Amino acid sequence: GEDVEQSLFLSVREGDSSVINCTYTDSSSTYLYWYKQEPGAGLQLLTYIFSNMDMKQDQRLTVLLNKKDKHLSLRIADTQTGDSAIYFCAGPNSGYALNFGKGTSLLVTP
Amino acid sequence: DGGITQSPKYLFRKEGQNVTLSCEQNLNHDAMYWYRQDPGQGLRLIYYSQIVNDFQKGDIAEGYSVSREKKESFPLTVTSAQKNPTAFYLCASSTPRGQNYGYTFGSGTRLTVV
(Lines give C-alpha, C1' and ligand atoms only; values in the text may rest on other atoms or scores of the structure.)
Protein backbone atom coordinates (compact mmCIF):
# COMPACT_ATOMS: atom_id res chain seq x y z
CA GLY A 1 0.00 0.00 0.00
CA GLU A 2 0.89 3.62 -0.23
CA ASP A 3 2.67 5.46 2.57
CA VAL A 4 1.41 8.94 3.28
CA GLU A 5 3.51 11.08 5.59
CA GLN A 6 2.61 14.35 7.29
CA SER A 7 4.10 16.52 9.99
CA LEU A 8 2.07 16.12 13.17
CA PHE A 9 1.64 19.66 14.47
CA LEU A 10 1.43 23.25 13.20
CA SER A 11 0.71 26.42 15.12
CA VAL A 12 -0.10 29.75 13.44
CA ARG A 13 -1.50 33.12 14.43
CA GLU A 14 -4.95 34.18 13.34
CA GLY A 15 -4.80 35.98 9.99
CA ASP A 16 -1.57 34.29 8.89
CA SER A 17 -1.36 31.63 6.20
CA SER A 18 -1.03 27.96 7.13
CA VAL A 19 0.81 25.45 5.00
CA ILE A 20 0.37 21.75 5.70
CA ASN A 21 2.65 19.36 3.87
CA CYS A 22 2.29 15.73 2.81
CA THR A 23 4.46 13.23 0.94
CA TYR A 24 3.23 10.06 -0.71
CA THR A 25 4.86 7.06 -2.35
CA ASP A 26 2.38 5.70 -4.90
CA SER A 27 3.17 7.31 -8.26
CA SER A 28 0.02 5.88 -9.81
CA SER A 29 -2.24 7.97 -7.59
CA THR A 30 -4.99 9.58 -9.63
CA TYR A 31 -6.66 11.72 -6.98
CA LEU A 32 -5.16 13.10 -3.79
CA TYR A 33 -7.35 14.46 -1.04
CA TRP A 34 -7.38 16.76 1.97
CA TYR A 35 -9.79 16.09 4.82
CA LYS A 36 -10.55 18.09 7.97
CA GLN A 37 -11.54 16.57 11.32
CA GLU A 38 -12.93 18.62 14.18
CA PRO A 39 -12.86 17.18 17.73
CA GLY A 40 -15.09 14.15 18.21
CA ALA A 41 -16.37 14.25 14.63
CA GLY A 42 -15.92 12.38 11.39
CA LEU A 43 -13.75 13.57 8.52
CA GLN A 44 -14.98 16.18 6.07
CA LEU A 45 -13.66 16.33 2.52
CA LEU A 46 -12.07 19.74 2.02
CA THR A 47 -10.69 19.48 -1.47
CA TYR A 48 -9.01 17.13 -3.90
CA ILE A 49 -6.62 17.40 -6.82
CA PHE A 50 -6.27 15.23 -9.87
CA SER A 51 -2.76 14.01 -10.63
CA ASN A 52 -2.54 15.87 -13.96
CA MET A 53 -2.92 19.20 -12.15
CA ASP A 54 -0.23 21.24 -10.41
CA MET A 55 -2.48 23.56 -8.47
CA LYS A 56 -6.07 23.92 -7.43
CA GLN A 57 -7.59 26.92 -5.68
CA ASP A 58 -10.88 26.98 -3.85
CA GLN A 59 -11.61 30.18 -1.94
CA ARG A 60 -9.08 30.30 0.96
CA LEU A 61 -7.65 26.88 0.10
CA THR A 62 -4.81 26.27 -2.35
CA VAL A 63 -3.52 22.78 -3.12
CA LEU A 64 -0.10 22.38 -4.74
CA LEU A 65 1.07 19.09 -6.22
CA ASN A 66 4.68 18.34 -7.10
CA LYS A 67 4.53 14.98 -8.84
CA LYS A 68 8.28 14.72 -9.29
CA ASP A 69 8.89 14.96 -5.54
CA LYS A 70 5.55 13.28 -4.65
CA HIS A 71 4.74 16.25 -2.45
CA LEU A 72 1.31 17.69 -1.76
CA SER A 73 0.57 20.82 0.24
CA LEU A 74 -2.52 22.60 1.51
CA ARG A 75 -2.36 26.34 2.05
CA ILE A 76 -5.06 28.06 4.08
CA ALA A 77 -5.09 31.82 3.59
CA ASP A 78 -6.18 34.21 6.38
CA THR A 79 -6.36 31.36 8.91
CA GLN A 80 -9.16 31.68 11.45
CA THR A 81 -9.64 30.09 14.88
CA GLY A 82 -12.39 27.95 13.32
CA ASP A 83 -9.74 26.36 11.13
CA SER A 84 -8.21 24.69 14.20
CA ALA A 85 -8.61 20.97 13.52
CA ILE A 86 -6.73 17.90 12.33
CA TYR A 87 -5.99 17.82 8.60
CA PHE A 88 -5.46 14.53 6.77
CA CYS A 89 -3.82 13.92 3.45
CA ALA A 90 -5.06 10.79 1.62
CA GLY A 91 -4.33 8.88 -1.55
CA PRO A 92 -5.39 5.56 -3.08
CA ASN A 93 -3.50 2.41 -2.23
CA SER A 94 -2.99 -0.57 -4.51
CA GLY A 95 -6.44 -1.85 -3.63
CA TYR A 96 -9.68 0.03 -3.54
CA ALA A 97 -9.41 2.05 -0.34
CA LEU A 98 -7.72 5.29 0.63
CA ASN A 99 -4.57 5.50 2.73
CA PHE A 100 -4.53 8.36 5.19
CA GLY A 101 -1.61 10.13 6.76
CA LYS A 102 -1.49 10.40 10.55
CA GLY A 103 -2.94 13.90 10.41
CA THR A 104 -1.57 17.38 11.14
CA SER A 105 -3.05 19.15 14.16
CA LEU A 106 -3.45 22.83 13.30
CA LEU A 107 -3.71 25.24 16.21
CA VAL A 108 -4.71 28.82 15.43
CA THR A 109 -3.99 31.32 18.17
CA PRO A 110 -5.60 34.77 18.48
CA ASP B 1 -30.59 15.07 2.94
CA GLY B 2 -28.32 12.22 1.95
CA GLY B 3 -25.71 11.12 4.38
CA ILE B 4 -24.10 8.38 6.39
CA THR B 5 -25.22 7.57 9.92
CA GLN B 6 -23.24 5.76 12.57
CA SER B 7 -24.75 4.55 15.82
CA PRO B 8 -24.36 4.60 18.69
CA LYS B 9 -22.12 7.63 19.22
CA TYR B 10 -20.69 6.11 22.42
CA LEU B 11 -20.48 2.41 23.25
CA PHE B 12 -19.14 0.61 26.28
CA ARG B 13 -18.09 -3.01 26.15
CA LYS B 14 -17.24 -5.41 28.90
CA GLU B 15 -14.30 -7.74 28.53
CA GLY B 16 -15.23 -10.83 26.50
CA GLN B 17 -18.30 -9.32 24.84
CA ASN B 18 -18.99 -8.90 21.15
CA VAL B 19 -20.47 -5.56 20.10
CA THR B 20 -21.85 -4.38 16.77
CA LEU B 21 -21.45 -0.87 15.38
CA SER B 22 -24.04 0.29 12.90
CA CYS B 23 -23.36 2.19 9.65
CA GLU B 24 -26.15 3.19 7.25
CA GLN B 25 -25.97 5.39 4.15
CA ASN B 26 -28.62 6.75 1.78
CA LEU B 27 -26.19 8.15 -0.80
CA ASN B 28 -26.60 5.19 -3.16
CA HIS B 29 -22.85 4.55 -2.80
CA ASP B 30 -21.61 1.10 -3.78
CA ALA B 31 -18.48 1.12 -1.63
CA MET B 32 -18.28 1.25 2.16
CA TYR B 33 -15.36 1.23 4.57
CA TRP B 34 -14.50 0.89 8.25
CA TYR B 35 -11.51 2.67 9.77
CA ARG B 36 -10.15 2.71 13.28
CA GLN B 37 -8.59 5.89 14.69
CA ASP B 38 -6.23 5.94 17.66
CA PRO B 39 -4.46 9.06 18.96
CA GLY B 40 -1.32 9.72 16.91
CA GLN B 41 -2.02 6.73 14.63
CA GLY B 42 -4.17 8.30 11.97
CA LEU B 43 -6.79 6.10 10.29
CA ARG B 44 -6.22 2.40 9.78
CA LEU B 45 -8.40 0.35 7.45
CA ILE B 46 -10.30 -2.55 9.02
CA TYR B 47 -12.59 -3.81 6.22
CA TYR B 48 -14.04 -2.51 3.00
CA SER B 49 -16.78 -3.56 0.62
CA GLN B 50 -17.06 -2.61 -3.03
CA ILE B 51 -20.40 -4.29 -3.63
CA VAL B 52 -23.22 -6.07 -1.81
CA ASN B 53 -22.32 -9.53 -0.49
CA ASP B 54 -18.61 -8.93 -0.94
CA PHE B 55 -16.01 -7.47 1.40
CA GLN B 56 -12.23 -7.47 1.83
CA LYS B 57 -9.91 -7.36 4.81
CA GLY B 58 -7.95 -4.20 5.40
CA ASP B 59 -4.71 -3.75 7.31
CA ILE B 60 -6.04 -4.57 10.80
CA ALA B 61 -8.97 -6.99 10.29
CA GLU B 62 -8.06 -9.42 13.09
CA GLY B 63 -10.72 -9.46 15.81
CA TYR B 64 -13.34 -7.78 13.61
CA SER B 65 -16.08 -9.06 11.31
CA VAL B 66 -18.47 -7.40 8.86
CA SER B 67 -21.43 -8.18 6.63
CA ARG B 68 -22.85 -6.46 3.55
CA GLU B 69 -26.31 -7.88 2.96
CA LYS B 70 -27.76 -4.56 1.79
CA LYS B 71 -26.24 -1.73 -0.20
CA GLU B 72 -27.19 0.77 2.51
CA SER B 73 -25.74 -1.06 5.50
CA PHE B 74 -22.26 -2.20 6.57
CA PRO B 75 -22.24 -3.22 10.26
CA LEU B 76 -18.97 -3.91 12.08
CA THR B 77 -18.74 -6.46 14.89
CA VAL B 78 -15.90 -6.09 17.37
CA THR B 79 -15.35 -9.56 18.75
CA SER B 80 -13.80 -10.70 22.01
CA ALA B 81 -10.73 -11.70 19.97
CA GLN B 82 -9.88 -8.01 19.49
CA LYS B 83 -7.49 -7.43 22.39
CA ASN B 84 -7.43 -3.66 22.37
CA PRO B 85 -10.76 -2.44 21.00
CA THR B 86 -10.92 0.96 22.72
CA ALA B 87 -10.80 3.45 19.82
CA PHE B 88 -12.81 5.80 17.62
CA TYR B 89 -14.42 3.94 14.70
CA LEU B 90 -15.26 5.68 11.46
CA CYS B 91 -17.44 4.41 8.65
CA ALA B 92 -17.27 5.89 5.15
CA SER B 93 -18.83 5.37 1.73
CA SER B 94 -17.92 6.29 -1.82
CA THR B 95 -18.70 5.77 -5.47
CA PRO B 96 -16.70 2.97 -7.10
CA ARG B 97 -13.01 3.40 -7.77
CA GLY B 98 -12.34 5.31 -10.95
CA GLN B 99 -15.11 7.75 -10.21
CA ASN B 100 -13.91 8.43 -6.73
CA TYR B 101 -14.18 12.01 -5.63
CA GLY B 102 -13.52 11.12 -2.04
CA TYR B 103 -15.31 9.52 0.84
CA THR B 104 -18.28 10.64 2.86
CA PHE B 105 -17.70 9.88 6.54
CA GLY B 106 -20.08 9.21 9.38
CA SER B 107 -19.67 11.04 12.68
CA GLY B 108 -18.01 8.07 14.36
CA THR B 109 -18.56 5.69 17.27
CA ARG B 110 -16.32 5.86 20.33
CA LEU B 111 -15.92 2.39 21.82
CA THR B 112 -14.57 1.96 25.33
CA VAL B 113 -13.82 -1.30 27.11
CA VAL B 114 -14.82 -1.22 30.77
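Data block above holds the structure.
On a predicted model such as this, the values are computed, not experimentally measured, just so you know.

Chemist: What exactly am I supposed to notice about the pattern of salt bridges here?
Modeler: Any two side chains of opposite charge can pair, on the condition that their charged atoms come close. This structure, assessed with the given rule, holds 7 salt bridges over all chains. Where Glu38(A) meets Lys36(A), a salt bridge forms, and the shortest distance between an N and an O atom there is 3.4 Å. With a relative accessible area of 39%, Glu38(A) lands in the partly exposed category. Lys36(A) gets classed as buried once you look at its relative accessible area, which sits at 10%. Where Lys68(A) meets Asp69(A), a salt bridge forms, and the shortest distance between an N and an O atom there is 3.7 Å. One network of salt bridges, in which partners are shared, links Arg36(B), Asp38(B) and Arg44(B).

Chemist: Please clarify how the state of the cysteines should be interpreted in this entry.
Modeler: Joining two cysteines, a disulfide is a covalent bond between their sulfur atoms. A full pass over the atoms with the stated rule returns 2 disulfides over all chains. Each disulfide pairs two cysteine sulfurs, and for Cys22(A) the partner residue is Cys89(A), the sulfurs being separated by 2.0 Å. Judged by the sign of its S-S torsion, about -65°, the cystine formed by Cys22(A) and Cys89(A) is left-handed. One end of the pair, Cys22(A), is in strand β3 (residues 18–24); the other, Cys89(A), is in strand β9 (residues 85–92), with 67 residues separating them in the sequence. Here Cys23(B) is linked by a disulfide to Cys91(B), with a sulfur-sulfur distance of 1.9 Å. Taking the torsion about the sulfur-sulfur bond, which here is approximately -75°, the covalent link between Cys23(B) and Cys91(B) counts as left-handed. In this pair, Cys23(B) is assigned in strand β3 (residues 19–25) and Cys91(B) in strand β9 (residues 87–94), connecting sequence segments 68 residues apart.

Chemist: What is the right way to read the packing of aromatic side chains from this model?
Modeler: Summed over all chains, the structure comprises 18 aromatic pairs over all chains. Summarising the aromatic geometry, the rings of Tyr35(B) and Tyr103(B) are spaced 6.2 Å apart at their centres and angled 45° between planes, so their arrangement reads as tilted. Here Tyr35(B), found in strand β4 (residues 31–38), pairs with Tyr103(B), found in the loop between β9 and β10 (104–105); they are 68 residues apart in sequence, far enough to count as distant. Here Tyr35(B) falls in the buried class, since its relative accessible area comes to 1%. Each member of the aromatic cluster is reached from another via a ring pair, and the members are Tyr31(A), Tyr33(A), Tyr35(A), Tyr48(A), Phe50(A), Phe88(A), Phe100(A), Tyr33(B), Tyr35(B), Tyr48(B), Tyr103(B) and Phe105(B). The ring of Tyr48(A) carries the charged tip of Lys56(A) above its face, separated from the ring centre by 3.8 Å. Seen from the ring of Phe74(B), Arg68(B) lies directly overhead, with NZ or CZ sitting 6.0 Å from the centre.

What counts and what doesn't
- Residues numbered from 1 in each chain as written.
- Chains lettered and ligands numbered in written order.
- Predicted model: local features only at pLDDT ≥ 70, side-chain atom pairs only at ≥ 80, totals over all residues.
- Heavy atoms only, no water.
- Salt bridge = Lys/Arg side-chain N within 4 Å of Asp/Glu carboxyl O.
- Buried < 20%, exposed > 50% of the residue type's maximum accessible area, 1.4 Å probe, protein only.
- Disulfide = S-S within 2.5 Å.
- Helix = DSSP H or I, 4+ residues; strand = E, 2+ residues; numbered from the N terminus.
- Phe/Tyr/Trp six-rings, centres within 6.5 Å; stacked < 30°, edge-to-face > 60°.
- Lys NZ or Arg CZ within 6 Å of the ring centre and 35° of its normal.

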